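Analysis of the macromolecular model
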Amino acid sequence: MDTTNHFGPELPATAKSKIRRAAKRASYQREVVYQLVDELKLGHVGFIQNGGWSLFH
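Criteria and thresholds
Residues numbered from 1 in each chain as written. Predicted model: local features only at pLDDT ≥ 70, side-chain atom pairs only at ≥ 80, totals over all residues. Heavy atoms only, no water. Helix = DSSP H or I, 4+ residues; strand = E, 2+ residues; numbered from the N terminus. Buried < 20%, exposed > 50% of the residue type's maximum accessible area, 1.4 Å probe, protein only. Contact = heavy atoms within 4.5 Å. pLDDT = per-residue confidence, 0-100. Polar contact = N/O pair within 3.5 Å; in protein donor to acceptor, adjacent residues only side chain to side chain.

**Observations concerning the overall build of the chain**
Tallying secondary structure elements over the chain gives 1 helix and 2 strands in all. Element order for the chain, N to C, with α for helix and β for strand: α-β-β. For the chain, with 57 residues in total, the buried portion stands at 2%. For the chain, the proportion of contacts with a sequence separation of at least 24, taken over those separated by at least 6, is 21%.

And the structure:
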């Protein structure tokens, strides 16, 4: 897997992206996160539309 980028090996943790549940097991390492996303069988995507949350499975 090629994870070459100009942003460095770690993803930035922001107030919205910071992991709170099981935070001791969390990783912000880009390569680890990309590997997990590549291996996912199911994902959840949420976004704000017209000021309210929407969630798709």
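From this point, the discussion proceeds with the structure in view.
**Describing unusual backbone geometry**
Positive phi, close to 55°, is recorded for Ala22, a residue that is not glycine. With respect to the secondary-structure elements, Ala22 resides in the segment before α1 (30–39).

**Quick word on the confidence of the model for the chain**
Averaged over all residues, the pLDDT of the chain equals 76, while 75% of them reach at least 70. Mean pLDDT across the elements of the chain bottoms out in strand β2 (residues 52–56) (62) and peaks in α1 (88).

**Looking at the environment of Arg20**
Mapped onto the elements of the fold, Arg20 is located in the segment before α1. Taking the relative accessible area as the measure of exposure, Arg20 reaches 59% and is therefore exposed. Within the local environment of Arg20, its side chain forms a polar contact with the backbone oxygen of Lys18, the two atoms lying 3.0 Å apart.

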